[in-house]
Every structure is written in structure tokens, then in C-alpha cells.
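The primary structure of each chain is shown beneath.
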Amino acid sequence: MSSNTPADTGATESGTAVPGGASAAADGSSAPAAHTAPAAHTAPAAHTAPGEIRWQTGETEHTARWHSEGGWPAPRRVVVVDDTLTADAAYRMAKSGTGLLWQGDYRNARQLLTAMARRVDRHRRTPTTGMAAAFEAGRAAAVRRARLLGLVLVELDAEHTLRLRRAPDVRQACDEAYGPGAGPVVLSLRELLGVIGAHEWRTNGVPVAALGDRIHPHYGVFSPVRGEYLDLVAGAPLGSPKVAFDIGTGTGVIAAILARRGVERVLATDLEPRALACARENLERLGLAGQVEVIEADLFPDGRADLVVCNPPWLPSSVATSTDAAVYDPDSRMLRGFLAGLAAHLTEDGEGWLILSNLGELLGLRSRGELLDLVDDAGLTVLARLDTRPTHRKAADATDPLHAARAAEVTSLWRLRRA
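Residues numbered from 1 in each chain as written. Predicted model: local features only at pLDDT ≥ 70, side-chain atom pairs only at ≥ 80, totals over all residues. Heavy atoms only, no water.

Student: I'd love a proper account of the packing of aromatic side chains, names of residues and values included.
Tutor: The final tally for this structure, using the stated rule, is four aromatic pairs. Here the aromatic rings of Tyr178 and Tyr219 are separated by 6.2 Å at their centres, their planes lie at 75°, and the arrangement is edge-to-face. With Tyr178 in helix H4 (residues 171-178) and Tyr219 in the loop between strand S10 (213-215) and helix H6 (228-235), this residue pair connects regions lying 41 residues apart in the sequence. Centre to centre, the rings of Tyr229 and Trp314 are 6.1 Å apart; their planes meet at 90°, and the pair counts as edge-to-face. (Phe/Tyr/Trp six-rings, centres within 6.5 Å; stacked < 30°, edge-to-face > 60°. Helix = DSSP H or I, 4+ residues; strand = E, 2+ residues; numbered from the N terminus.)

Below you can see the structure in the form of C-alpha cells.
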């Protein structure tokens, strides 16, 4: 998803050139001589309808649809800005809640976002004691960061064309993420960079060693970039199950691994339309559509299975934005629902596989005793547990405030049966 640009001169940082380059997968991202920005005007909040954003240039008032995947409301004050805006001024205006509608050079906008990100991070406060406190502080800082950087805005026309100098063609990426255009829309540049990165992942795919193939994630669907939990699914003792359920299938990767391991019929469930479309496309691409059926369902489909697999979000914490759901499971709702309903959906000798990291335990968000109590209360017993260590970069990053927890993290596949 990363897309870096070479250093250029354009948007300024405290009056000096901002170096180019930003990651579309991360938080941020030249031109003719800078020109004078149009005069700033404000749209009163009382006249801005939900899902709508307004701004003015001179005496002309403009209106467009507002879109935010994170669920952020449209900023109540919007000013038009361009390449003459400094990062210091942009940061100050963002802190006041002002939306910055960019009408300059695309690459300079990305550079501005990168420069603003440095200022946001510079003012981050990290607790000195307590892993749980560090986690909560990190989440709060991430939400603040997303909100401030999300105030750099761009406008797409009715065909999803980004009409900025040196802008890429984003039409296909936006059509994939949002569907066909329906009039002008304003969104954050940060979100647009994520859409562009997601299109790259969808086009190129993500190699999955446990599958021996590639999975092509869609925008808004969790990408299987951490392979250790998939290695557990590929290596766990399987027996000869005829029917398996994959609960919360996402990209369909676990269902595909089970099918490739010889399960005759796999029912893969999800509630999110993007996930359902993504799983179906991946399974068709892999030649497994005849073996795996993708079903819209809240956790379990009807009936029983010889094997039921679930990889719920690993951290039992609140969802701050609508895009948090793949990582955070408030009050362990999905985990609880899976365990509570598992026994009723297993055949007599069937097995349930729960794939879960202990990071939540290491952060003090859930204890091992609580997890085992949930298993016991659901009328289940632990047959075995397979463990593996993560290999992602953060596990070795000693500068991460959560390094001690990440370095000790273990991902487990719990083999469960009816008690």
C-alpha cells in the first residue's frame, strides 16, 4: 500500500520546502510557482445538513456530499487552501477544527500531510508507567491523530476524478471502494490515500504462505498480512471433516485454506457487504467457489459442522471509529458470541478452533482466567492449544511504548470440544 514520491519543492513547512514522500498505508503523503490562496470563507454550521459539506470561494457557495469511512462528522468550518499554506498554519487550523479543502498540487498536499503528522506526533504524551495506561494513551493519540490529519480535504467530481495538478487517476480505486459516483463528494486526503493503497493491494494481492497463493483484499476488509495465525490453521491436526464453518470470513482466506486442506464443504459467514464480495471474488479466483459457500450471517449459519473456525478481533476494547471493528471487539462480544453458540453448532465429535492472540491479556484488557471461564460456561473443554510467536516488525521495535507486550505476544489456536 505504500506509495512514496520523490522530494519536491512546493507546499511549505514554516517557510521552507517540505520533503516529499508519504505512505498511503500509514498516516499521511512539484508544482509551478506557488500562487496566492483564495480568500477563506466560512460555512455556518446551522446551514450544513448531515452528510453535506459547504464552502465558499469569493461570493460563490459550493455544496458537496460529505463522506467519512471513520464516521467523522463534516467540519463545521471549511477554508480553501493551496500550496502557499505552511504546515504550521495547517496544524493550527486543524487543531481548531477547521477543514482545509485543498486546491493546489496533489504531491504538495501529501507533503503537507506528512509535515502535519510530524507535528501531531511531536505533541504526543506517553505515560511512563503501566502497559494498560500506555495502550489507552496510544489509542487516544491515534484517534486525535486521525481526526487532525483527516481535516485535510479533497473534492472528487461525479466521476470520482481528482482535479488537482499532478493527481493520479483515482477513479477505479474509488469505484471499487465506494461504488459508482453520485455527484461531487468531499473526503479526507488521508482516506483517499487509503483507498489508493487498498486498490494496489486488491490488484497485486497479498502472498499467503499457508495457502501457497495470493489473497486480494478489498477496501475496508482486513488484510491477512500477519501470516502466523494462518500457519496455525494450515498445520493444526484436521482429521477428515466433511463440513466446516468459517465464522467472520473477511477475505475468505481461512475458508480457502480449509478447502485446500481437503474439507469437502465450507460455509463462510460474514455480515459486512464488502467482506462478502471480497470473499466470493477470492474464492472464485482460487477455483474454490464450488467448494466454499459464502453466506451473510451473524456468526453461525444454520446446522452443525465437524469443524468451526473463528478468528475474532483480538483486543477487547471500545470502537472509536467505524473502521476499528476489525481490530477491537468491545466487551469481547464476538468472542463471547462464538463460544456461547459453538456447542450447538458442532457435530457429536466436532471441533471448534478459536484463533486468538494473548496481547489483550498482556495489556491488562482481559485475563486468561476470564477466557477460560467463557470456555467453561459455554459447555466446552480445551482439547489442545497450538502456539506461535508473531514475526511482524512491531514485535522487534524497542521504541514502541507497547514493546514489552508485543515482544511477549503469543498467538494461539485453541482446539475446543463439547464438554
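Student: Got a sec to walk through the nonpolar core? Specific residues and values, please.
Tutor: The biggest cluster of nonpolar side chains holds 56 residues, and the ones touching the most others in it are Ile254, Leu258, Val308, Phe338, Leu339, Trp353 and Leu354. A per-element tally of this core places helix H7 (residues 253-260) first, with seven residues. When sequence neighbours within four positions are dropped, the list of residues in contact with Val308 reads Phe245, Ile247, Phe300, Phe338, Leu342, His345, Leu346, Glu351, Gly352 and Trp353. Ala87, Ala109, Leu112 and Leu156 belong to the second largest nonpolar core, which has 39 residues in total. (Core = buried A, V, L, I, M, F, W, Y, C linked by side-chain atoms within 4.5 Å. Buried < 20%, exposed > 50% of the residue type's maximum accessible area, 1.4 Å probe, protein only. Contact = heavy atoms within 4.5 Å.)

Student: Which residues make up the sheet that holds strand S5 (residues 77-81), and what are the values?
Tutor: Pairing is mixed across the open sheet formed by six strands, whose spatial order is S3-S4-S8-S7-S6-S5. Because the sheet does not close on itself, it has two edges, and the strands there are strand S3 (52-57) and S5. Put simply, the sheet's adjacent strands are angled 40° from each other on average, direction ignored. Strand direction decides the pairing type here: S5 and strand S6 (residues 98-102), joined by five bridges, are parallel. Its bridge partner being in S6, Val80 is matched across the sheet by Leu101. Here helix H5 (residues 189-204) sits on the sheet and contacts strand S7 (152-156) and strand S8 (185-188); the angle it forms with S8, its principal contact strand, is near 90°. (Pairing = 2+ DSSP bridges. Axes fitted to C-alpha atoms, helices over the stretch in contact; angles between N-to-C directions.)

Student: Give me the lowdown on empty space enclosed by the protein, citing residues and values where you can.
Tutor: By volume, the largest cavity amounts to about 30 Å³. If you trace the largest cavity, you find it lined by Leu356, Ser357, Asn358, Glu361, Arg368, Leu371, Ser412 and Trp414. Sorting the residues of the lining of the largest cavity by element identifies strand S15 (346-357), helix H11 (368-377) and strand S17 (411-418) as the ones contributing at least two each. The residue inventory of the lining of the largest cavity, partitioned by class, reads three nonpolar, three polar and two charged. (1 Å grid on protein atoms, 1.4 Å probe; cavity = no way out; pocket = protein on both sides within 12 Å on 5 of 7 lines; lining within 4 Å. Points joined across faces, edges and corners; volume = space filled by probe spheres on them. Nonpolar A, V, L, I, M, F, W, Y, C, P; charged D, E, K, R; others polar.)

Student: An account of the sheet that holds strand S12 (residues 265-270) is requested, with residue identities and associated values reported.
Tutor: Strand-to-strand pairing in sheets goes through backbone hydrogen bonds, with the strands running parallel or antiparallel. On the basis of which strands lie adjacent, the open sheet formed by seven strands has the order S13-S12-S11-S14-S15-S17-S16 and mixed pairing. Two strands in the sheet have a free side with no partner beyond their single neighbour: strand S13 (292-296) and strand S16 (380-388). The average undirected angle you get between the axes of adjacent strands in this sheet is 20°. Here S16 pairs with S17 via eight bridges, running antiparallel. Counterpart to Arg385 in the pairing with S17 is Trp414. Here H7 sits on the sheet in contact with strand S11 (243-247), S12, S13, strand S14 (305-310) and S15, set at roughly 175° to S12. Here helix H8 (residues 273-285) sits on the sheet in contact with S12 and S13, set at roughly 170° to S13.

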